[in-house]
Amino acid sequence: KIGALGTATYVEGDKVVAFGHPFMQTGNSNYFLTNSEIFTTVTALESGFKVGSTGAPIGVINQDRSAGLAGIVGKYPAVIPMEITVTDRQSGTEKTFHVQTIHNEKVAPAFLTAAFCSAIDKTIDRRGAGTATVDFAITARDLPGEVYECENMYYDGANIAVGASSEFSTMVDSLMNNRFRPIEVMSIKATVDIDENCRTAKLVEVTTDAKEAHPGETINFKVKIRPHRGEVVVEDVPYVVPSDASSGKLDLVLRGGGLINKRTADAVEKYKDSPLIKAIALRERKMDFAEVLDKIRSQQRNNDIVIEEDITQVLEAIDEMQQQGIEVDLQTETVVKGVDLLGVKKRAQEEEAKNVQKYPTLYIIENQLETSIMVVRGEKTKSSESSAETKETDKTKK
């Protein structure tokens, strides 16, 4: 419980003035007004104080000004109820916590995050490293889709309670303080599964026996993964060649879902003045609330293997056209239909049209590899071969 004790300065009917000084001086407020029990008073030369505890809610504090607090007895503030269930895999302990906090977009995200971390700490009864699987749902009025849901895995080498709450904290704050319109959070429900083992892994090698691939065709990559302090395992990762893929070499990047594609990030920075980059950045600024949430909901999980096209060659080609004096307009965007440079473009509904695909694993993937395949249109030829060379690049976390 988080609260503050103060003196009731004046009472008139159901109206109360208290403290004689501000609490957080937020102006219009939405705090609980509770009774309290005072255990003792400590005198001091500069400032005496009382020792006590807050009690049951009896009303609402609706003003927090320089002169003090004002409230009403018998009227209660809007609250956000949260249920969080935490399971500790090592001890077999499972605990469910019920929390209520005031609906105040300035302080509620911090209070809810503190309660989230506290629930984990009280269940696992330790501080330190671990892996967490977190699933939470935020239900809110005036929220596009009404419910925001998230499932992800996290590893933290210092304090797993902090690591497990990171995305939860960010999303609660982003939703309650979004730039579009106020929303009223109705409820939050979360489940957290804690494992003290390190469940991370690195991609070691990727190969495919496909001699050639056609647009819309599914090929299979064999991806070697080395878990932390474990033996190499092989995952069969399917990949659907984009339906709009051109004939020739198709460069691909395989990375962990929690990482930024380093090659794409470098290319976007290098060619930031490209009309394509500017057009996509402009589209992002014009997105409405529903589009922003769609973008966030489509983000990959930390335990996903993500396969996406390397668009460096496309940006290099556009840059070369500009240097040669060839007019490059926004129609160049059709050259990279479906490529998501900044996480903005909407995906085609058909699976085979996707230029970014993901495959779930049991591990948090910490690096990225590069590979390529040969795309052909028309009938297959026996002489066509695909490249299976891989190159690891440094990880760059989101």
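Procedures and definitions
Residues numbered from 1 in each chain as written. Predicted model: local features only at pLDDT ≥ 70, side-chain atom pairs only at ≥ 80, totals over all residues. Heavy atoms only, no water. Salt bridge = Lys/Arg side-chain N within 4 Å of Asp/Glu carboxyl O. Phe/Tyr/Trp six-rings, centres within 6.5 Å; stacked < 30°, edge-to-face > 60°. Helix = DSSP H or I, 4+ residues; strand = E, 2+ residues; numbered from the N terminus. Buried < 20%, exposed > 50% of the residue type's maximum accessible area, 1.4 Å probe, protein only. Pairing = 2+ DSSP bridges. Axes fitted to C-alpha atoms, helices over the stretch in contact; angles between N-to-C directions. Contact = heavy atoms within 4.5 Å. Nonpolar A, V, L, I, M, F, W, Y, C, P; charged D, E, K, R; others polar. Parallel < 35°, antiparallel > 145°, perpendicular 65-115°, else oblique. Left-handed = near helix turned anticlockwise from the far one by under 90°.

Student: Could you give an account of the pattern of salt bridges, with specific residues and numbers?
Tutor: One pass over the full model with this rule turns up 14 salt bridges. One salt bridge connects glutamate 269 with lysine 272, and the closest N-O pair in it is separated by 3.5 Å.

Student: Which residues make up the packing of aromatic side chains, and what values go with them?
Tutor: Think of a pair of aromatic rings as described by two things: how far the centres are apart, and how the planes are tilted against each other in angle. Taken as a whole and judged by the stated rule, the model has 6 aromatic pairs. Between the aromatic rings of phenylalanine 180 and phenylalanine 289, the centroid separation amounts to 5.2 Å while the plane-to-plane angle is 20°, which identifies the pairing as stacked. Linking phenylalanine 180 in the loop between helix H2 (160–176) and strand S10 (184–195) with phenylalanine 289 in helix H5 (residues 289–297), this pair joins segments that are 109 residues apart in sequence. With centroids separated by 6.0 Å and ring planes inclined at 45°, the aromatic side chains of phenylalanine 221 and tyrosine 239 adopt a geometry described as tilted. One end of the pair, phenylalanine 221, is in strand S12 (residues 218–227); the other, tyrosine 239, is in strand S13 (residues 233–240), with 18 residues separating them in the sequence. Residue class for phenylalanine 221 comes out buried when judged on its relative accessible area of 0%. In this structure tyrosine 239 comes out as buried when scored by relative accessible area, which is 0%.

Student: Before we move on, can you summarise the sheet that holds strand S4 (residues 49–65) with the specific residues and values?
Tutor: The antiparallel open sheet is built from 5 strands, whose spatial order is S1-S2-S5-S4-S3. Of all strands in the sheet, those bounded by a partner on one side alone are strand S1 (8–12) and strand S3 (27–42). Adjacent strand axes in the sheet meet at a mean angle of 35°, parallel and antiparallel pairs treated alike.

Student: Summarise the pairing of strand S18 (residues 368–375); cite the residues concerned and give the values.
Tutor: For S18, the tally of buried residues reaches 7 of 8 residues, placing the bulk of the element in the interior. As judged from the 8 bridges shared by strand S14 (residues 248–256) and S18, these two strands associate in the antiparallel manner. If you follow aspartate 251 over to S18, its bridge partner there is serine 372.

Student: Describe unusual backbone geometry, listing the residues and the values that go with them.
Tutor: Phi at glutamine 25 takes a positive value of approximately 55°, unusual for a residue other than glycine. Structurally, glutamine 25 is set in the loop between strand S2 (15–18) and S3. The phi dihedral of aspartate 125 falls on the positive side, at around 55°, and the residue is not glycine. Among the secondary structure elements, aspartate 125 is positioned in the loop between helix H1 (108–124) and strand S8 (130–141).

Student: Can you break down the sheet that holds S13 residue by residue, with the values?
Tutor: In spatial order, the strands read S13-S12-S11-S17; together these 4 strands make up an open sheet with mixed pairing. Edge strands, defined here as strands with exactly one partner in the open sheet, are S13 and strand S17 (364–365). The sheet contact formed by S12 and S13 spans 8 bridges and is antiparallel. Counterpart to phenylalanine 221 in the pairing with S13 is valine 237.

Student: Report on the packing of helix H4 (residues 275–285) against helix H6 (residues 312–323), specifying residues and quantitative values.
Tutor: The geometry of H4 relative to H6 is characterised by a closest axis approach of 9 Å and an angle of 120° between their N-to-C directions. When H4 is examined against H6, the residues Pro275, Leu276 and Ile277 are found in contact with a partner set consisting of Leu315, Ile318 and Gln322. For the contact of H4 with H6, the class distribution of residues is 5 nonpolar, 1 polar and no charged.

Student: With reference to specific residues and values, describe the packing of H1 against H2.
Tutor: Their axes nearest at 9 Å, the elements H1 and H2 cross at an angle of 155°. With respect to H2, the axis of H1 lies roughly antiparallel. By crossing handedness, the relation of H1 to H2 is classed as right-handed. On the side of H1, the interface is formed by Ala108, Pro109, Leu112, Thr113, Phe116, Cys117, Ile120, Asp121 and Ile124, while H2 contributes Ile160, Ala161, Val162, Ala164, Ser165, Phe168, Ser169, Val172, Asp173 and Met176.

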